[in-house]
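Coordinate analysis (summary)
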Amino acid sequence: MAETAAHESKTTQKIRPGNRGHHHMNFEKPKDSKASRTRLLRYMKELTPILLGSMVFLVTAVLLQVAAPTVLGNAITDHLERSLDLSAFLRQMIILSGIYLSMFASRAVSSVMIAHASNRLIYKMRRDGFEKLQRLSLSYYDRAGVGDIISRMTNDIETVYNAFSNGFSSVLSGTLSIIGTLAAMFILNIPLSFAVLSVVPFALLFVVLLGRRVKVRALENQKQVGGLNTAIEESVEGMKIIQTFHQEQKQYEGFSEVNARARDAAIDFFVESYKMMPMMELMNGISLALVVAIGGTLVIISPELYSIGLISAFILYARQFFEPIRQLSNIYNMLQSALAGAERFFQIIDTDDMISEPEHPVTAEEARGDVAFEQVDFSYVTGTPVLEQITFSASSGSVTAIVGPTGAGKTTIINLLNRFYDVDAGRITVDGRDIRDYRLSDLRAMMGVVLQEPFFFAGSIRENLMYGRLEASEQQMIEAATLANAHHFISCLPEGYDTILTERGMNLSQGERQLLAIARTILADPKILILDEATSNIDSLTEAHIQQAMKHLMTGKTSLVIAHRLSTIKNADQLLVIHDHTIIEQGTHQELMAQQGFYSRLYSIQFEQAQVTEDMSI
Amino acid sequence: MKPFLETMRFLSPYRKPMVISFILLICSSLLMLLQPKMTQWAIDIGIAAGSPVMILGFAAAIGLSAVLSMTVSYYSGVKLIHASQHMSYDMRNELFKKISAFSFADFDAWRTGELIVRINSDVSTIRMFIRMGLFLLIQSLIILIGSLTSMFIINARIASVMAVIMPIVLALFFFSASSIRPIFEQVRTALDQVNNTLQENLVGAKLVRSFSRQPEEIRKFDTGNLAYFHISRKVSMLIGIIMPLMMLFGNLAVVIVLYAGGNMVADPANGMTLGSLIAFSNYTLTAFFPLIMLGMVLSFLSMALASMKRVHELLQITPTIREPQDPVHLSSCAGRITFSDVSFRYGDGAPVFEHFDLSIDSGEMVGIIGTTGAGKSTLMHLLPRFYDTQEGSITLDDIDICRISLSSLRSRITIALQETMLFSGTIAENIRFGKPDATDREIREAAAAACAHEFIMEKEGGYEHVLGERGQGLSGGQRQRISIARAILSAPDILILDDVTSALDASTERTIIEHLHASEVSQTRIIISQKINAIRQTDRILVMDRGTIIASGTHDELIQSCRTYQEIYETQNPAS
């Protein structure tokens, strides 16, 4: 009876509180279960003493549990049935109570130890996984996808927890109590033992046959649940678009189709796996009937060998014997998915796609901020080059503008300078030293980035502005915000700098978010400034103010700017024109215009109109 | 209680299978209760009579009851699985419909994650409760009552011993269960905290690295992780103790029953036989079993109640924008738009517009330019009633939009929103989104008008190229062009482009606008942009600032007369 609960909760682990989104039932079989098993065991090394301790208590509890029916049966046979000795019977009952008490104590101690160990295990998995993720190159994020990583870090770890916290003691005590019950039965009486065991082959056959069918349906169910989750997430996130195009009805029909498919797959799966429970009840009932039939007959035939006490002990044993078998067959699937989960988790730990720290880092005390790329090649996916033979240098205090059509690789140059990724060939230097020789934190402290889509953490504007410089004073923060033209709108917010930024920054416009991101970078005060189309979402007036601030900020700093707007670029000390993965032209605006090449064509398309107005104003 | 009843309403179409299922469940539980009784008869009657035939008869009866019980409990379970799955299906559909009817103001009030959790895991939790919680609750109650009754029938005097033990155990049990429940809540909160930190960290991976904040991030995560560890361990330990404790109570009750029963067996006057003593101790154990199950029911119930509350919260929302009482249906319109004396604010925020007036002629092409936060997008969101105005009125072809049926209003207007969300599926499906019956030719024409045809053809499979979840696999500029094509294709009488050319280069941007100009469809068009390049060819340009139109006219007029427009123009033109 109780097993049905265990069974369903195993297949729908999502019901554990707080486990939101991204849950896929993990029925997939581990590819190499032995490897992930040993791996997991090694991972639990520090928990070995506590696990051994809990095992000792558990074994004690099981032995006591196995012994109890014998004591009980003997007490009845010796002191009630064959002779009547109530004081001896009382003594036996006191002993029995003692056994039960010790059984409780050992079980409780063992449970507490396992509770500690299993929670400790997933604490450690989360911690190690998170630390590893902080060191991984962004190319891992690109490949795996954030949703998948989150799923590994939450659901997969959760399956390990479920299997470990319920499975460890169940498997151990289940196996032990099967063995113990078997031994006790055979010692007590051999024919009756066979009576109990006679249904076992049928039970096993059933488990094997059903197991196969359940697995097929489980996979189908898992697939449909995944489809349903995607449909839910996409529809909810895209509901505004759906409404805009007035497609609510059509979307609803599509959704309920997916919903119905998920429902039918779930019904198939749950009905199939539910068959296990009534079947096991049947086996239990039949073995009980056999014990009564054979035992009862034998009591009549040879009362000197068979007693009612003996039969009552066997009735208890029959129950004790089938209970763990039922549990073990349920736990098997749970263990399988836990191993698959562990494997997926260890894939994070094993990824060597790391941005490695140098063994002997150079100290970057007084950085000037000279940047140079020397014959740099790079590709995100092997075989599809994104950058080839990129060579340029930008000296301290200069402004370098990177221009070119969308998808030419402009953003990649900046990703490499920051060491979000490492180059495939060539090298990048800062102040003449390969950037791989700097401590990562030193390198990145030299650089300030304003990304295309600014990201903020849930928290106040103040916390977000201070993100890059925790020790900044209130005054410094306000100064930075003022320089970025953000102070005004922040002050207009009801909560000012304490305004909490919501998930998608609903309370700020895109332009305002840009301003905040710029203020954040100004406050961090880097040596090298990287602006990735940072101004493209800000209206021209605001942009004009920012450019003033930037001009002031850029003094003495190396700046690399990606922007479509040539007004910024015209004032740059040098332009890099990126096209077809490489730098095709390089020089100042005047020089490149004189060359009459790619850049001058790009320029004339953009500023055809400007020419017209110039003519007009003449 | 209200959320509970409200969600239980979803079960009413399945009343019949549910009732059948529970009747079958009662039958199978009764059959199970019969087993110890028949064992007792076999011992007391069969062995006493020395008749193997009788014993075999009882054994056969036990076997038969097992077969019956199996069949009955199988059908009971299947019925329940069907009912619970259908219920969750209905519930998800209803929640989906509810969200479909949300206004943008409603969306602002919710986080996307919160909505997803409700449709997704909360519904599953409720289904679990129906399937397992109710099942276990009924089954354990039957067993509890049945075994207590049997005990009274066998021997009322020992049964009265149980009548003392049981309430004590029950009280203890409910006390511990209710003290665990709040800790469950804490576990949930702690895990939420951990997962939120993780998610934010992953989404903001670049930022974390740029500012070298990994050590702080690790510390932040570890604080949450450790807090979760402590609270979750506490719950696991408590449960780890309570379960064996219940078993202990059950076992001790057996000992007490056996001792009391043994004393009674000694005196034949009590009418206590050995067989009934064994049956009695069996029932004692059986009676304690439901208590352990009730523990599970309680944890299902407390989780389900929390989920029901959340689902109910969503279901009871009345979308702020509703169909008018007596709606006017527009099958087509000329596209004449008037804003008169409109005032609007978001929630309790500062007013975005006060006494705003504007009229746009049928077939006119209007450009809107202005500073961040000037209210350009807000203005356009008022037109299809994504938000409602607080004062004043907006008319379409001189009919107040609040009187037009929502569906016909929105099907006359197409907006390409700033957020260029695409869906998984092929590129063609995405472009066809607003006009499901569009031909391939129309799709190609729309794509060509949005300057998207070329890059689409470079993709593997061209228009049949499959995009990932949320349209992954395209650059920002490509997404914008697909979303423009989608809007152009679906656009009936009014087309609005809300700053959807920000990631495009100047020449592409201009080509798209030229295509719109050249198109002969009679259509009112409104183009919002921060770039003069995108709007300079429109019939009329509106310059907006802080919720008002400070100037309007053609490009040539404004460049002469409007100081703000000149400033914008200068910052965007290196030649000046």
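For every chain, the first residue of the written sequence is number 1, and numbering continues from 1 along that sequence. Chain letters and ligand numbers both follow the written order, the letters beginning at A and the numbers at 1. This being a predicted model, a pLDDT of at least 70 is required before a residue's local features are given, and a value of 80 or more before pairs of side-chain atoms are given or counted; all residues contribute to the totals for chains, interfaces and linings.

As for the overall build of chain B
Strands here are runs of E lasting at least two residues and helices are runs of H or I lasting at least four, both read from the DSSP assignment and numbered beginning at the N terminus. The number of helices and strands found in chain B is 19 helices and twelve strands. For 576 residues, the compact-globule formula gives about 25 Å, and the C-alpha radius of gyration of chain B, at 36 Å, lies well above that figure. Reported as C-alpha extents along the three principal axes, the dimensions of chain B are approximately 120 × 55 × 50 Å. Counting over 576 residues, chain B shows a buried share of 49%. Any two residues are considered in contact once their C-beta atoms, placed from the backbone, lie within 7 Å. When contacts within chain B are restricted to residue pairs at least 6 apart in sequence, long-range pairs at least 24 apart make up 76% of them. Both definitions apply: the radius of gyration is a C-alpha atom measure, and the globule rule equals 2.2 Å times residues to the power 0.38. Residues with at least 20 other C-beta atoms within 10 Å of their own are called buried, those with 12 or fewer are called exposed, and the rest are partly exposed. The C-beta atoms themselves are positioned from the backbone.

Description of the overall build of chain A
Within chain A, the secondary structure is distributed over 22 helices and twelve strands. Looking at chain A as a whole, 50% of its 618 residues are labelled buried. Intrachain contacts of chain A at a sequence separation of at least 6 include 80% that bridge at least 24 residues.

Structural notes on the sheet that holds strand E6 (residues 447–450) of chain A
Residues and elements named next belong to chain A. Only strands joined by at least two bridges in the DSSP assignment are considered to pair. Sheet architecture is open: six strands sit in the order E6-E9-E10-E3-E11-E12, paired in mixed fashion. In this open sheet, the two edge strands, each paired with only one partner strand, are E6 and strand E12 (582–587). Each strand axis lies, on average, 15° off the axis of its neighbour in the sheet, ignoring direction. Direction of pairing for strand E9 (residues 528–532) relative to strand E10 (residues 558–562): parallel, over a ladder of five bridges. Each bridged residue has a counterpart across the sheet, and for leucine 529 the counterpart in E10 is serine 559. Axis angles are defined between N-to-C directions and span 0 to 180 degrees, where every axis is a line fitted to C-alpha atoms and, for a helix, only to the segment in contact.

Thoughts on the packing of helix H8 (residues 200–237) of chain A against helix H11 (residues 276–301) of chain A
Residues and elements named next belong to chain A. Contact geometry for H8 and H11: axes closest at 10 Å, N-to-C directions at 175°. It follows that H8 is roughly antiparallel to H11 by the angle criterion. Residue-level inspection shows Phe202, Ala203, Phe206 and Leu210 of H8 in contact with H11, the latter providing Met276, Met279, Met280 and Met283. In this classification, Asp, Glu, Lys and Arg are treated as charged, Ala, Val, Leu, Ile, Met, Phe, Trp, Tyr, Cys and Pro as nonpolar, and every other residue, Gly included, as polar. Here the contact of H8 with H11 is composed, by residue class, of eight nonpolar, no polar and no charged. Note on angle classes: values under 35 degrees are labelled roughly parallel, values over 145 roughly antiparallel, values of 65 to 115 roughly perpendicular, and the remainder oblique.

Things to note about the nonpolar core
Counting 264 residues, the largest nonpolar core has Val291, Val292 and Phe314 of chain A together with Ala450, Ala485 and Ile488 of chain B as the members making the most contacts within it. Those residues in contact with phenylalanine 314 of chain A, other than ones at most four positions away along the chain, are Leu192, Val196, Val291 and Gly295 of chain A. To count as a nonpolar core, a set of buried Ala, Val, Leu, Ile, Met, Phe, Trp, Tyr and Cys residues must be joined through C-beta atoms within 7 Å. With 72 residues, the next largest nonpolar core counts Leu451, Ala480 and Tyr599 of chain A together with Phe211 of chain B among its residues.

Some remarks on the interface of chain B and chain A
With 141 residues of chain B at the contact, the number on the chain A side is 141 residues. Tallying contributions element by element places helix H3 (residues 52–100) of chain B first for the side of chain B that touches chain A, with 27 residues.

With respect to the confidence of the model for chain A
Residue and element names in this part refer to chain A. Known as pLDDT, the predictor's per-residue confidence is scaled from 0 to 100. The predicted model of chain A has a mean per-residue pLDDT of 80, with 85% of residues at 70 or higher. By mean pLDDT, helix H1 (residues 2–11) is the weakest element of chain A at 35, and strand E1 (residues 371–378) is the strongest at 94. Of the regions scoring below 50 in pLDDT, residues 1–28 engages in 87 contacts with residues more than four places distant in sequence or in other chains. Overall, residues 609–618 carries pLDDT values under 50, and its contacts beyond four positions in sequence, including any with other chains, amount to four contacts.

Side note on the sheet that holds strand E4 (residues 425–430) of chain A
Residues and elements named next belong to chain A. Reading across the sheet, the four strands line up as E2-E1-E4-E5 and stay open at both edges, with antiparallel pairing between neighbours. Every other strand in the sheet has two partners, leaving strand E2 (387–394) and strand E5 (433–434) as the edge strands with one partner each. Bridge count between E1 and E2: five bridges; the pairing is antiparallel. Looking at E2, one finds that phenylalanine 373 is bridged to phenylalanine 392. Against the sheet, helix H13 (residues 410–417) makes contact with E1, E2 and E4, and its axis sits at roughly 115° relative to E1, the strand it touches most.

Here we look at the packing of H3 of chain B against helix H5 (residues 112–154) of chain B
Residues and elements named next belong to chain B. Between H3 and H5, the least distance of the axes is 9 Å, while the angle of their chain directions is 160°. Our classification of the angle between H3 and H5 gives roughly antiparallel. Crossing of H3 against H5: the hand is right-handed. Of H5, the residues touching H3 (which contributes Leu80, Ile81, Ser84, Gln85, Met87, Ser88, Met91, Arg92, Leu95, Phe96 and Ile99) are Leu115, Arg118, Ile119, Val123, Ser124, Ile126, Arg127, Ile130, Arg131 and Phe135. Taken together, the residues that form the contact of H3 with H5 break down as 13 nonpolar, four polar and four charged. With the far helix as reference, a near helix turned anticlockwise by less than a right angle produces a left-handed crossing, and one turned clockwise produces a right-handed crossing.

Description of the environment of leucine 417 of chain A
Residue and element names in this part refer to chain A. Relative to the helices and strands, leucine 417 resides in helix H13. Separated by 113 residues in sequence, leucine 417 and isoleucine 530 place their C-alpha atoms 9.4 Å apart. Leave out the neighbours within four places in its chain, and leucine 417 touches Val371, Ile428 and Ile530.

Notes on the environment of valine 235 of chain B
Relative to the assigned elements, valine 235 of chain B resides in helix H8 (residues 214–266). Look at valine 235 of chain B and you get partly exposed, because 17 C-beta atoms sit within 10 Å.

Brief notes about unusual backbone geometry
Residue and element names in this part refer to chain B. Within the chain, cysteine 451 stands out as a residue other than glycine whose phi angle is a positive 55°. Tracing the chain through its elements places cysteine 451 in the loop between helix H13 (440–449) and helix H14 (453–458). Although it is not a glycine, arginine 546 sits at a positive phi angle of roughly 45°.

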